[in-house]
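# Examining the three-dimensional arrangement
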Amino acid sequence: QGSSVVEFLLKEPQTFSVRAITRDPTSAASKALAARGVEVVKADLSSLDETAAAFAGAWGVFGLTQFYVHGFEGEQLHGRNIVDGAVRAGVKHLVWSTVEGREGECGAISWRSKALIEDRVIASGIPYTFVYIPMYYENFWTSFFAPSYDAEKGFNWSVGFLPDVPIFAFSVADIGGLVVPAFREPEKFTSVKIKTVVEYLSLRDLATQFSEVTGEKASLAFELTPEQFEASRHADHPAAELMYLSWEYVKRAGPDSGVRDQKQTLSIYPQAKTYREWVKDSPLVKELVQKLKAEKKSA
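Residues numbered from 1 in each chain as written. Predicted model: local features only at pLDDT ≥ 70, side-chain atom pairs only at ≥ 80, totals over all residues. Heavy atoms only, no water.

Where we set the bar: UniProt positions are given in the numbering used here, feature names are shortened, and annotations may be inferred rather than shown by experiment.
Under an unreviewed UniProt entry, the chain has the name NmrA-like family domain-containing protein 1 and belongs to Trametes pubescens. Under the heading Sequence similarities (unreviewed entry), UniProt records this for the chain: "Belongs to the NmrA-type oxidoreductase family."

Written out as structure tokens, the structure reads:
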């Protein structure tokens, strides 16, 4: 998410100067940003003092936390330090990456954790914009849910969800197109919740559209029945309940639920890519297709 926000901010050098916070300014990615004129600052979000110092002099902050990397306690600590650090530094606008984790929404702790940080943002008094993130197209091409490959069957996805239920989705590379307008026109976006969705896609759609765009064979390795999906909540896996509750909310938050409206997203960033457009242009897809085929050929 942060990389996309930086990319979009750099398109407007007359309006924005960009600072990126990292724990390792000597990394290749940090050096690449610095070479493009980004101010790269070292800070550990576990330290309030370091976080506040990194925000010093900044007008706005784009903030996000990573439950799957740091867990609940780590995410809460980072969220608290980002918000409190922004208050200490006198930040004027905070754009926060989040998901629906309030009562009656998603019950997974990774989602509920985000709602607790939202509460802290609101209580801080800093003008804010919340950007609610959907499923990334990219998730189905990385370690989350990447396909396997078989020379006869082609590309096959094994995802523990119902095959025909619409999933709210977008390319994470487009998030900057939603965040930067909130910095450019803060008065228009203050206290606004951007419920991001570019497309609603089922798992079958993801495989079928990839096949239609590329000419490659593709399918789902298995298709869960409703009964099997309900039973997945009790599977012998430490993340079984978390994943079930996440998918269960996705099921309830379909295109007819009113939870998210594509019109809002596309009114802010009309150039956001559909899945077909993304598959056609994505280096990630091309590289993984080539890699999986090469691995199967050499096996």
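## Side note on the side chain of Thr 129
Note the threshold: Working definition: helices are DSSP H or I runs of at least four residues, strands are E runs of at least two. Numbering for both runs from the N terminus. Any pair of nitrogen or oxygen atoms within 3.5 Å is treated as a polar contact; in protein, a donor-acceptor pairing is required on top of that, and neighbouring residues in sequence qualify only through side-chain atoms on both sides. In what follows, a contact means two residues having at least one pair of non-hydrogen atoms within 4.5 Å.
Positionally, Thr 129 belongs in strand E5 (residues 128-132). In terms of polar contacts, Thr 129 uses its side chain to reach the side chain of His 93, at 2.8 Å. Those residues within four positions of Thr 129 in sequence are excluded, and the remaining contacts are His 93, Leu 94, Val 95, Trp 96, Ala 182, Phe 189, Thr 190, Val 192 and Ile 194.

## Considerations on unusual backbone geometry
To be explicit about the condition: Only protein chains enter the accessibility calculation, which uses a 1.4 Å probe. A residue is then buried if its area is under 20% of the maximum for its type, exposed if over 50%, and partly exposed in between.
Residues other than glycine seldom take positive phi values, yet Ser 191 does so here, at roughly 65°. Among the secondary structure elements, Ser 191 is positioned in the loop between helix H7 (186-189) and strand E10 (192-195). Looking at Ser 191, the relative accessible area reads 44%, which means it is partly exposed.

## Looking at the sheet that holds strand E8 (residues 154-157)
As a reminder of what qualifies: A pair of strands is labelled paired if DSSP reports no fewer than 2 bridges between them. Lines fitted to the C-alpha atoms define the axes, with helices restricted to the stretch that makes contact. Angles between their N-to-C directions range from 0 to 180 degrees.
Ordered by their spatial adjacency, 3 strands build an open sheet running E7-E8-E12, and the pairing between neighbours is mixed. Looking at the sheet topology across the chains shown, the edges are occupied by strand E7 (148-150) and strand E12 (218-220). Across the sheet, the mean angle separating the axes of adjacent strands is 30° when strand polarity is ignored. In terms of strand pairing, E8 meets E12 through 3 bridges, oriented parallel.

## Considerations on the UniProt feature "domain: NmrA-like" (unreviewed entry) in the chain
Under the feature "domain: NmrA-like" (unreviewed entry), the UniProt entry names residues 1-222. Counting secondary structure, residues 1-222 comes out at 40% helix and 21% strand; the distance between its end C-alpha atoms is 31 Å.

## Looking at the packing of aromatic side chains
Basically, it comes down to this: Each Phe, Tyr or Trp ring (for Trp, its six-membered ring) is paired with any other whose centre lies within 6.5 Å, and the angle between the two planes then decides the class: stacked below 30 degrees, edge-to-face above 60, tilted in between. When the NZ atom of lysine or the CZ atom of arginine is within 6 Å of a ring's centre and also within 35 degrees of its normal, the charge is said to sit over that ring.
Under the criterion given, the structure shown has 21 aromatic pairs. One aromatic cluster is present, formed by Phe 67, Tyr 68, Phe 140, Phe 144, Phe 145, Phe 161, Phe 229, Tyr 244 and Trp 247 through successive ring pairs. One residue, Lys 11, lies across the ring of Phe 8, its end atom 3.9 Å from the ring centre. Stacked on the ring of Tyr 132, the Lys or Arg Lys 195 has its end atom at 4.8 Å from the ring centre.

## Some thoughts on the pattern of salt bridges
As a reminder, the rule being used: Salt bridges, as used here, are contacts in which a Lys or Arg side-chain nitrogen is within 4 Å of a carboxyl oxygen on Asp or Glu.
Tallied over the full model, the rule gives 17 salt bridges. Taking the shortest distance from any N to any O, the salt bridge between Arg 88 and Asp 49 comes out at 2.8 Å. Taken as a pair, Arg 88 in helix H4 (residues 67-89) and Asp 49 in helix H3 (residues 48-55) lie far apart in primary sequence, 39 residues in all. For Arg 102, the salt bridge is made with Asp 119, and the minimal N-O distance between the two is 2.8 Å. Taken as a pair, Arg 102 in the loop between strand E4 (93-98) and helix H5 (109-124) and Asp 119 in helix H5 lie far apart in primary sequence, 17 residues in all. Residue classification places Arg 102 among the partly exposed residues on the basis of a relative accessible area of 28%. Since its relative accessible area comes to 35%, Asp 119 is described here as partly exposed. Each member of the salt-bridge network shares a partner with another, and the members are Glu 100, Lys 195 and Arg 260.

## Observations regarding the pairing of strand E2 (residues 39-42)
Relative to E2, strand E1 (residues 19-22) runs parallel, the two being bridged by 4 bridges. Opposite Ala 20, over in E2, you have Val 40 as the bridge partner.

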